[in-house]
Structure formats: C-alpha cells, structure tokens
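Structure assessment
Chain by chain, the residues:
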Amino acid sequence: MARRGRRDRHRPTVAHASYLINLGSPDDALWEKSINALVDELQQAEALGLLGVVLHPGAHMEQGEEAGIARVAAGLDRAHAATGGFKTLTLLEITAGQGTTLGYKFEHLGAMRAQASDPERLAVCFDTCHAFAAGYDFREPAGYAAMMDEFDRAIGLDLLTCFHFNDSKGALGSHKDRHEHIGQGAIGVSGFAHILNDARFANVPMILETPKSDDMHEDVENFEVLRGLIDA
Ligand SMILES: [Zn+2]
C-alpha cells in the first residue's frame, strides 16, 4: 500500500482511539496501560498511512485540571518517544467536559501541546457537539467568529486538522456528550453552515459521527442536509 504523507489531503483517513485510554489517570498501572494502548493505535495508523488517531485527551480523576494536563502531556511524550519518526498525528479531540474530562476548553489542548516534547506530533480534532456542550456558542456569525479567534489564540487554526460533525442532544454548556442528527439538535443548521462556508477549512476533512443503522441511510440524509448549507 502506498504511504500517504500527512500533507496529502486528497483522501485523508483518521482513526479513533479506544475510549478506555486515559492519559490523565493518576493511577500508574492504568496510565501505563493507556500509554501502551495509544502506542498500539499509533503503530496501526502509521502502518495504514493514516493522517492521524483521534484521542480524547483524558480525565483528571479529581487530581485537578493543572495536574491532569501535565499528566496527559507526559503520557503523550512517552507514546511519541516509543513511536519516534512516525508521520501519523495524535489528534486531541475537544471534549464536552463530562465528569473530570479534560479538553473542554481550547486552552487545555493548547497547554498539552505547549508542554509536550514533540508538539509537531500533535494536532486537534474539532467535534461540533462537544464544543457546543462545552459552552462554545457558534450558532450566530459573531459567536462563530469569536470562537474561532479564541481557538486561534489558544491552539492555532493551522492545527485544526479534522472536524467531527454532530448536532447536540444536550443544551449549550450542558457538558453532555450526546450526538444528534444534523439540524435536529440544539446547535441547528446555522452553526454547520458557518464551518462549511469558511474558506480556511476548505481542505479540512469533516466526518459524520451521527447515529447510524446498518444500512447507514442516516449518513446519506445528514450529508444531504450539509450539502444544502453550502453557499452556491
Ligand atoms: Zn467526536
């Protein structure tokens, strides 16, 4: 199989790491298991030539956000040291902030990257449901612009490497990670229209993570809704 470089955006493919991984865990045994699991995911992704592996950065389990962020950065360092020279990226995903989950503020992801020894191995996956549930309101143009400005300051827009497109069952700031079909949740179609028509993201992959049945007809319907939002 031909190896695709990270800059080849013709048919970019990303994987999603196991939800059991917690690089923020204060428990050493669970932390080591999480590092090993991420190394395994990165090895598979590299062998397949994937753009990256989407990873929920972790939960601090009551040790506090600052300590949790440092723990995540140290875990990322271990995983990246064990996979030196890999092209596939670790894509930290914005989270809804359920429980003690980290990554519900852009600043968290920026801090993890700033503390990492190999920051060039890290980029970001922007999940629309998670960001909205975390409290970012991008339904109106002014809110959308302010949110992306904040992302740029905290992380850098050039590091926004893929989107997960999901409407949200939960309200703004609810911290609930509950995906809904596009336009049928609390975000509504306008938030998606801002992203789809933003020239800065013309080459950034957008992935539907909405509910699906076996024949995936829901994806066809969600895709049609999104296509209808693109300005002619
Ligand atoms: Zn997601």
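Each remark here, short or long, concerns the structure printed above.
Residues numbered from 1 in each chain as written. Predicted model: local features only at pLDDT ≥ 70, side-chain atom pairs only at ≥ 80, totals over all residues. Heavy atoms only, no water.

1. Some remarks on the overall build of the protein
When its secondary structure is counted, the protein shows 7 helices and 8 strands. Here the protein has a C-alpha radius of gyration of 17 Å; the compact-globule value for 232 residues is 17 Å, and the two agree. Dimensions of the protein, computed from C-alpha atoms along their principal axes, come out at roughly 50 × 45 × 35 Å. By residue count, 50% of the 232 residues in the protein fall in the buried class. In the protein, 76% of the contacts between residues at least 6 apart in sequence involve partners at least 24 apart. With the model as given, the accessible surface of the protein reaches about 10,800 Å², and the carbon-plus-sulfur share is 51%. The protein carries 21 positive and 34 negative side-chain charges, and their two centres are separated by 5 Å. (Helix = DSSP H or I, 4+ residues; strand = E, 2+ residues; numbered from the N terminus. Rg over C-alpha atoms; globule rule 2.2 N^0.38 Å. Buried < 20%, exposed > 50% of the residue type's maximum accessible area, 1.4 Å probe, protein only. Contact = heavy atoms within 4.5 Å. Areas by Shrake-Rupley, 256 points an atom, 1.4 Å probe, with all protein chains shown as cover. Lys, Arg positive; Asp, Glu negative; His and termini not counted. Charge placed at Lys NZ, Arg CZ, Asp CG, Glu CD.)

2. Focus: the packing of aromatic side chains
Going through the model one piece at a time under the given rule, you end up with 10 aromatic pairs. Consider the rings of Phe126 and Phe138, whose centres lie 6.4 Å apart with planes at 80°: the pair is edge-to-face. Taken as a pair, Phe126 in strand β4 (residues 122–127) and Phe138 in the loop between α4 (128–134) and α5 (141–154) lie far apart in primary sequence, 12 residues in all. The two residues Phe126 and Phe138 agree in class, both being buried. In this structure an aromatic cluster arises from ring pairing among Phe106, Phe126, Phe132, Tyr136, Phe138, Phe151, Phe163, Phe165, Phe192 and Phe201. Cation over ring: Arg71 sits above Trp31, and NZ or CZ is 4.0 Å from the ring centre. (Phe/Tyr/Trp six-rings, centres within 6.5 Å; stacked < 30°, edge-to-face > 60°. Lys NZ or Arg CZ within 6 Å of the ring centre and 35° of its normal.)

3. A few points about unusual backbone geometry
At Met61, a position not held by glycine, the phi torsion is positive, near 50°. With respect to the element layout, Met61 can be found in the loop between β2 (52–55) and α2 (65–81). Judged by relative accessible area, which is 47%, Met61 ranks as partly exposed. Positive phi is not limited to glycine here, since Glu62 has a value of about 75°. Structurally, Glu62 is set in the loop between β2 and α2. Residue Glu62 is classed as exposed on the basis of its relative accessible area of 68%.

4. Describing the coordination of the zinc ion
Taken together, Glu93 (OE), Asp127 (OD), His164 (ND1) and Glu209 (OE) make up the protein donors of the zinc ion, found 2.0 to 2.2 Å from the metal. One way to put it: the 4 donor atoms around the zinc ion meet at angles of 86 to 172°, and that makes the site irregular. Along the chain, the residues donating to the zinc ion are arranged with the sequence spacing E-x33-D-x36-H-x44-E. In this pair, Asp127 sits in strand β4 while Glu209 sits in the loop between β8 (206–208) and α7 (217–227), placing the two residues 82 residues apart along the sequence. Neither Asp127 nor Glu209 differs from the other in exposure class; each is buried. (Donors = N, O, S within 2.8 Å, 3.2 Å for Na, K, Ca; no water. Tetrahedral: all angles 85-135°; square planar, octahedral: opposite > 155°, others 65-115°.)

5. A few points about helix α1 (residues 28–48)
Residues three or four positions apart in an α-helix share a direction because the helix packs 3.6 residues into each turn. In this model α1 runs 30 Å from its N-terminal to its C-terminal C-alpha over 21 residues, within 8% of the 30 Å that 1.5 Å per residue would give. Against β1 (14–16), β2, α2 and β3 (89–93) lie the buried residues of α1. Looking at where α1 begins, the residue whose side-chain oxygen comes 2.9 Å from the main-chain nitrogen of Ala29 is Asp27. The first or second residue beyond α1 is Gly49, which carries a positive phi of 70°. (Expected span 1.5 Å × (residues − 1). Polar contact = N/O pair within 3.5 Å; in protein donor to acceptor, adjacent residues only side chain to side chain.)

6. Focus on the sheet that holds β1
Adjacent strands of a sheet form backbone hydrogen bonds with each other and so pair up, either parallel or antiparallel. With parallel pairing, 6 strands are arranged side by side in an open sheet as β1-β2-β3-β4-β5-β8. Bordering the open sheet on either side are β1 and β8, each of which pairs with just one other strand. Each adjacent strand pair in this sheet contributes to an overall mean axis angle of 30°, direction not counted. Of the pairings in the sheet, the one linking β1 to β2 comprises 3 bridges and is parallel in character. Across the sheet, residue His16 finds its bridge partner in β2, namely Val54. The strands touched by α1 within the sheet are β1, β2 and β3, with β2 carrying the most contacts at an inclination of about 150°. Running over the sheet, α2 touches β2, β3 and β4 and is turned about 160° from β3. (Pairing = 2+ DSSP bridges. Axes fitted to C-alpha atoms, helices over the stretch in contact; angles between N-to-C directions.)

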